[in-house]
Amino acid sequence: MSEKTDKTEQQRLSVFKTYKLYVGGKFPRSESGRVYEVTDSKGKWLANAPLSSRKDARDAVVAARKAFGGWSGATAYNRGQILYRVAEMLEGRRDQFVREVADAEGLSKSKAAAVVDAAIDRWVWYAGWTDKIAQVVGGGNPVAGPFFNLSTPEPTGVVTVLAPQESSFLGLVSVIAPVIATGNTVVVIASEKSPLPALSLGEVLATSDLPDGVVNVLSGRTAEIAAPLAAHQDVNAIDLAGADDVLAKELEIAAADNLKRVVRPQAVDYSRTPGIERLTAFLETKTVWHPTGALGASGSSY
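Because the structure is predicted, anything quoted here is derived from the model rather than measured. (Residues numbered from 1 in each chain as written. Predicted model: local features only at pLDDT ≥ 70, side-chain atom pairs only at ≥ 80, totals over all residues. Heavy atoms only, no water.)

Remarks on the packing of aromatic side chains
For the coordinates displayed, the defined rule picks out five aromatic pairs. Centroid distance Phe 97 to Phe 169: 4.9 Å. Interplanar angle 20°. Geometry classified as stacked. Here Phe 97, found in helix 4 (residues 94-105), pairs with Phe 169, found in the loop between strand 5 (158-162) and helix 7 (170-181); they are 72 residues apart in sequence, far enough to count as distant. For the pair shown, Phe 97 and Phe 169 are each scored as buried. Site record: aromatic cluster; members linked through ring pairs are Trp 125, Tyr 126 and Trp 129. When the ring centre of Phe 68 is taken as origin, the NZ or CZ atom of Arg 65, which lies over that ring, is 5.7 Å away. (Phe/Tyr/Trp six-rings, centres within 6.5 Å; stacked < 30°, edge-to-face > 60°. Helix = DSSP H or I, 4+ residues; strand = E, 2+ residues; numbered from the N terminus. Buried < 20%, exposed > 50% of the residue type's maximum accessible area, 1.4 Å probe, protein only. Lys NZ or Arg CZ within 6 Å of the ring centre and 35° of its normal.)

Considering the layout of surface pockets
A probe matching the size of a water molecule, rolled over the atoms, marks out where space remains unfilled. Approximately 620 Å³ is the volume attributed to the largest pocket. Every residue lining the largest pocket is counted, 27 residues in all, and those nearest its centre are Lys 17, Tyr 19, Leu 46, Ala 47 and Leu 196. Contributing elements (two or more residues each) for the lining of the largest pocket: strand 2 (45-50) and helix 4. Counting residues per element, the lining of the largest pocket draws most heavily on strand 2, which supplies six residues. Across the lining of the largest pocket, the residue classes break down as eleven nonpolar, seven polar and nine charged. Put simply, the second largest pocket is a space of about 340 Å³. (1 Å grid on protein atoms, 1.4 Å probe; cavity = no way out; pocket = protein on both sides within 12 Å on 5 of 7 lines; lining within 4 Å. Points joined across faces, edges and corners; volume = space filled by probe spheres on them. Nonpolar A, V, L, I, M, F, W, Y, C, P; charged D, E, K, R; others polar.)

Comments concerning the environment of Gly 157
Within the fold, Gly 157 resides in the loop between strand 4 (147-155) and strand 5. Judged by relative accessible area, Gly 157 falls into the buried class, the value being 0%. C-alpha separation for the pair Gly 157 and Asn 258, spaced 101 residues apart in sequence, amounts to 13 Å. Excluding anything up to four places from it in sequence, Gly 157 contacts Arg 65, Phe 68, Asn 184, Thr 185 and Asn 236. (Contact = heavy atoms within 4.5 Å.)

Observations concerning the sheet that holds strand 3 (residues 139-140)
Strands sit in the order 3-4-10 across an open sheet of three strands; the sheet is antiparallel. Edge strands, defined here as strands with exactly one partner in the open sheet, are strand 3 and strand 10 (283-291). Bridge count between strand 3 and strand 4: two bridges; the pairing is antiparallel. In the sheet register, Gly 140 faces strand 4, and the bridge partner there is Leu 150. (Pairing = 2+ DSSP bridges.)

Observations regarding helix 7
Its twelve residues place the ends of helix 7 16 Å apart at the C-alpha level, agreeing with the 16 Å of an ideal helix rising 1.5 Å per residue. For helix 7, the tally of buried residues reaches twelve of twelve residues, placing the bulk of the element in the interior. Trailing helix 7 by a residue or two, Gly 183 shows a phi angle of about 100°, which is positive. (Expected span 1.5 Å × (residues − 1).)

A word on the sheet that holds strand 5
The strand order across the open sheet built from five strands is 7-6-5-8-9, with neighbouring strands paired in parallel fashion. Of all the strands in the sheet, the pair left with one neighbour each is strand 7 (215-218) and strand 9 (261-263). Strand-to-strand twist of the sheet, defined as the mean angle between neighbouring strand axes without regard to direction, takes the value 15°. Examined bridge by bridge, strand 8 (residues 237-239) and strand 9 share three bridges and lie parallel to one another. When the bridges of strand 9 are listed, Ala 237 appears paired with Arg 261. Seen against the sheet, helix 2 (residues 54-73) touches strand 5, strand 6 (185-189) and strand 7 and runs at an angle of roughly 155° to strand 6. (Axes fitted to C-alpha atoms, helices over the stretch in contact; angles between N-to-C directions.)

Below you can see the structure in the form of structure tokens.
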């Protein structure tokens with residue numbers, strides 16, 4: 001019996017993971033049916049990742065726009081709870097992400113663990129900012145006249161993010177979290193060379209109370225997917241973190257057609273505590289004037 005059991009175990013084939021896109025809360029394959037090989041730093045095959053098409057990009061924008069009303073209308077406190085929940089779920093799958101980051105970025109297990117821990121902490125950091133950023137960039141304005149003048153930040157809308165190419169997980173989290181923390185929805189193009197941590201993150205987001213369509217993850221050729229998104233009339237802003245100088249210039253020109261907000265690529269050490277620049281990059285300021293009534297002889301409004 002023991003020999004038979006051993007023989008059965010030897011004949012077993014491993015079940016390889018099928019990576020899929022994350023669009024509108026679902027996990028479709030690319031509509032084109034195309035895939036491309038993902039390898040580790042030594043050229044060893046890791047998986048086949050979906051090769052997204054222009055149609056996939058358009059579908060992701062539709063999903064992000066559909067989700068925008070509910071997500072932007074949620075309370076800042078609720079958004080913070082959901083971002084914290086993402087961190088909780090990542091903590092439970094820490095070992096998986098350590099393995100994927102180690103393979104993707106050619107890191108030792110200990111260094112990959114440090115990267116994953118930093119990414120989890122980054123979700124918590126941005127979760128804490130959701131109900132505080134309005135107090136930093138908004139408030140009452142002093143005006144000459146019988147008026148209240150209040151400025152409050154509002155989300156820009158649908159944001160396309162080109163994830164950093166080299167920092168496949170910590171950099172990815174660092175550009176996604178601030179966008180959704182402030183009430184925007186996002187279409188993210190994963191690192192072309194190392195997309196697997198981003199695609200696995202989609203699985204975490206699907207089980208983290210995040211409404212469908214708030215984050216949509218595409219993988220494939222960055223330039224091929226980014227071009228239609230930069231020109232898309234229903235995309236309000238674009239973060240070019242993962243673009244080289246040539247591609248960034250092309251996308252800036254395309255983005256100008258509907259006056260998208262553009263964050264240009266820059267050298268960033270994602271291991272350092274971020275400031276609030278990416279939180280404020282995709283916020284608009286709404287100013288409301290409200291009369292206080294006629295001033296009396298004493299100068300009092302009432």
